[in-house]
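Remarks on the overall topology
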Amino acid sequence: MPEYYEIKIKGHLDQYWSGWLAGLKLTHLEGDVTLLSGLLPDQSALHGLLERIRDLNLTLISVSCGRSSPRPSHQE
């Protein structure tokens, strides 16, 4: 079952890299950090993504995993 991941890396990546990084959403955060977020099908896909991050010589800040996709935001 796919799981939702949030991966933070140092530096701001261009949106161009999204396709090469498992199609995850790239969001620029304060402090020169990029957040990669989205669903990955399994642990093998996560390890492949982490290898790509390593191959690009990017600094990994954190990896977090949720049990399901992110909750939709509700506006009241």
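First, a word on scope: everything that follows refers to the structure included in this document. (Residues numbered from 1 in each chain as written. Predicted model: local features only at pLDDT ≥ 70, side-chain atom pairs only at ≥ 80, totals over all residues. Heavy atoms only, no water.)

**Some remarks on the sheet that holds strand 1 (residues 3–10)**
- Within the open sheet, the four strands sit side by side as 2-3-1-4. Their pairing is antiparallel. Of all strands in the sheet, those with a lone pairing partner are strand 2 (25–29) and strand 4 (60–65), marking the two edges. Here the average twist between neighbouring strands, direction ignored, is 20°.
- In terms of strand pairing, strand 1 meets strand 3 (residues 33–40) through eight bridges, oriented antiparallel. (Pairing = 2+ DSSP bridges. Helix = DSSP H or I, 4+ residues; strand = E, 2+ residues; numbered from the N terminus. Axes fitted to C-alpha atoms, helices over the stretch in contact; angles between N-to-C directions.)

**Points about the pattern of salt bridges**
- One pass over the structure, following the stated rule, counts one salt bridge.
- One salt bridge in this structure joins Arg 54 and Asp 55, with 2.9 Å as the shortest N-O distance. Like Asp 55, Arg 54 is exposed. (Salt bridge = Lys/Arg side-chain N within 4 Å of Asp/Glu carboxyl O. Buried < 20%, exposed > 50% of the residue type's maximum accessible area, 1.4 Å probe, protein only.)

**With respect to the packing of aromatic side chains**
- Applying the stated criterion across every chain, the model contains two aromatic pairs.
- Their ring planes at 70° and their centres at 5.9 Å tell us that Trp 17 and Trp 20 sit as a pair that is edge-to-face.
- By way of ring pairs, the aromatic residues Tyr 16, Trp 17 and Trp 20 are connected into one cluster.
- Note that Arg 52 overlies the ring of Trp 20, its terminal NZ or CZ placed 4.5 Å from the centroid. (Phe/Tyr/Trp six-rings, centres within 6.5 Å; stacked < 30°, edge-to-face > 60°. Lys NZ or Arg CZ within 6 Å of the ring centre and 35° of its normal.)

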